[in-house]
Amino acid sequence: MRKKIIAGNWKMNNDFEQGLKLASEVNNMVKDEINADVQVVICAPYIHLASVGKLLSGKVALGAQNCYTKKSGAYTGEVSVEMLKSVGVSYVIIGHSERREYFNETNQFLAEKVNIILENGLTPIFCCGETLKQREEGIHIDFVNSQLTDSLFHLSPEQFTKVVIAYEPIWAIGTGVTASTAQAQEMHEKIRNHIASKYGASLANEITIQYGGSCNASNAPELFACADIDGGLIGGASLEARKFVDVIKAMK
Ligand code: PGA
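What comes next is a walk through the structure. Remember, it's a predicted structure, so these values are computed and weren't measured experimentally.

Regarding its fold elements, the protein presents 12 helices and eight strands. At 17 Å, the protein has a C-alpha radius of gyration in line with the 18 Å of a compact globule built from 252 residues. In the protein, which comprises 252 residues, the share counted as buried stands at 54%. Taking the contacts inside the protein whose residues are at least 6 apart along the sequence as the reference set, 71% of them involve residues at least 24 apart. Treating the 24 positive side-chain charges of the protein as one cloud and the 28 negative ones as another, the clouds have centres 4 Å apart.

This is the structure in structure tokens:
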């Protein structure tokens, strides 16, 4: 049975106090309201991690939104996976389209991030997704498959089973336009088939593939009901506890 995972990606939002308040509200609501077998993750900015980590219960895990590829040293402004681990982080988002676009992160660089995350026993949430132009040109499936091939297909089968994939069509992120269930399910199935072509169907069947992009409590029930959608990476709707927990509740 593959794991169902809903992760909130706060992005660059919430000052220190706001972050503590939001995390503790989410934590309490999840404790009281969520019985389903869903792993909830809060991916907060670096400044929050140590404090937010202390107030989360077992049902909500701590995630980071980025990491660097080196263990330590003269890399001003960067944070290593060892450092993240030391404050209780267990998930790390990598390859978000915003980092690919604004910080020029390449598939090769992301392959290095995946390696260091796995070496430390943490779980990478590897984001992939196409632009609207690529979809209109009909190359979206090949493009997403190549992101997977280039950043992940060097992994051993055992390592690959520890990876979470987040499919986030760029045109749906923060736009209010979500992929239709047919579009999302189609891509998730193609991703799973692509993994199966390299690692075999039974391994592919165990991989959690989240959907992300304007996912909210209204569209989540339909999206999460799709055969190959195993959770969500939630941006805007994770910034209010009630909204985020309502998305989590849509995961049955
Ligand atoms: P959104 O962001 O839910 O605000 O569209 C999702 C993401 O970028 O992870």
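Resuming the write-up.
Strand order around the closed barrel formed by eight strands is E1-E2-E3-E4-E5-E6-E7-E8, with parallel pairing between neighbours. With direction set aside, neighbouring strand axes in the sheet form an average angle of 25 degrees. The strands touched by helix H9 (residues 181–199) within the sheet are strand E5 (123–128), strand E6 (164–167) and strand E7 (209–212), with E7 carrying the most contacts at an inclination of about 150 degrees.

This brings us to helix H5 (residues 107–119). Compared with an ideal rise of 1.5 Å per residue, which puts 13 residues at 18 Å, H5 spans 18 Å between its outermost C-alpha atoms and is within 8% of the ideal. Among the residues making up H5, those that are buried are Asn107, Leu110, Ala111, Lys113, Val114, Ile116, Ile117 and Leu118. The inward-facing, buried residues of H5 contact helix H3 (81–86), strand E4 (91–94), helix H4 (97–102), E5, helix H7 (140–152) and helix H8 (157–160). Gly121 sits one or two positions beyond H5 and adopts a positive phi of about 80 degrees.

So, about the pairing of strand E1 (residues 4–9). In terms of residue burial, E1 counts as a mostly covered element, since five of its six residues are buried. Sheet analysis places E1 next to strand E2 (residues 38–43), joined by six bridges and oriented parallel. Each residue of the ladder has a partner; that of Ile5, found in E2, is Gln39. In this region the chain leaves E1, passes through helix H1 (residues 16–33) and returns to the parallel neighbour E2; the handedness of that crossover is right-handed.

For the rest of this paragraph, the subject is the site of the ligand. Around the ligand, the neighbouring residues are Asn9, Lys11, His96, Glu168, Ala172, Ile173, Gly174, Gly213, Ser214, Leu233, Gly235 and Gly236. In this structure, Gly174 approaches the ligand through a main-chain N or O atom, which is 2.6 Å from an oxygen atom. Compared with its free state, where it exposes 280 Å², the ligand has 95% of that area covered by protein.

The contact between H1 and helix H12 (residues 241–249) brings their axes to 9 Å, and the two run at 35 degrees. As for how H1 packs across H12, the hand of that crossing is right-handed. Contacts between H1 and H12 involve Leu22, Glu25, Val26, Met29, Val30 and Glu33 from the first element and Ala241, Arg242, Phe244, Val245, Ile248 and Lys249 from the second. Its residues assigned to classes, the contact of H1 with H12 comprises eight nonpolar, no polar and four charged.

The alternating pattern of E6 places Val164 and Ala166 and Ile165 and Tyr167 on opposite faces, both of which are buried. The pairing of E5 with E6 spans four bridges and is classified as parallel. Along E6, the bridge assignment pairs Ile125 with Val164. Bridge analysis of E6 against E7 gives three bridges, and the strand direction is parallel. Note that in E7 the partner of Tyr167 across the bridge is Tyr211.

This brings us to H9. Every α-helix winds through 3.6 residues per turn, so residues three or four apart in the chain are directed the same way. When the terminal C-alpha atoms of H9 are compared, their 26 Å separation across 19 residues agrees well with the 27 Å that a helix rising 1.5 Å per residue should span. Directly beyond the C-terminal end of H9, a positive phi value near 95 degrees is found at Gly200.

This next bit is on the nonpolar core. Counting residues in hydrophobic clusters, the biggest one holds 71 residues, and the most contacted among them are Leu148, Leu152, Phe160, Ile165, Ile191, Ile195 and Phe224. In contact with Leu148, other than residues within four places in its own chain, are Phe126, Cys128, Phe153, Ile165, Ile191, His194 and Ile195. Core analysis: the second largest hydrophobic core is formed by 12 residues, Ile5, Ala7, Ala61 and Ala166 among them.

Each value, and the rule that gives it
- Residues numbered from 1 in each chain as written.
- Predicted model: local features only at pLDDT ≥ 70, side-chain atom pairs only at ≥ 80, totals over all residues.
- Heavy atoms only, no water.
- Helix = DSSP H or I, 4+ residues; strand = E, 2+ residues; numbered from the N terminus.
- Rg over C-alpha atoms; globule rule 2.2 N^0.38 Å.
- Buried < 20%, exposed > 50% of the residue type's maximum accessible area, 1.4 Å probe, protein only.
- Contact = heavy atoms within 4.5 Å.
- Lys, Arg positive; Asp, Glu negative; His and termini not counted.
- Charge placed at Lys NZ, Arg CZ, Asp CG, Glu CD.
- Pairing = 2+ DSSP bridges.
- Axes fitted to C-alpha atoms, helices over the stretch in contact; angles between N-to-C directions.
- Expected span 1.5 Å × (residues − 1).
- Right-handed = clockwise from strand over helix to strand, strands pointing away.
- Near = heavy atom within 4 Å.
- Polar contact = N/O pair within 3.5 Å; in protein donor to acceptor, adjacent residues only side chain to side chain.
- Areas by Shrake-Rupley, 256 points an atom, 1.4 Å probe, with all protein chains shown as cover.
- Left-handed = near helix turned anticlockwise from the far one by under 90°.
- Nonpolar A, V, L, I, M, F, W, Y, C, P; charged D, E, K, R; others polar.
- Core = buried A, V, L, I, M, F, W, Y, C linked by side-chain atoms within 4.5 Å.

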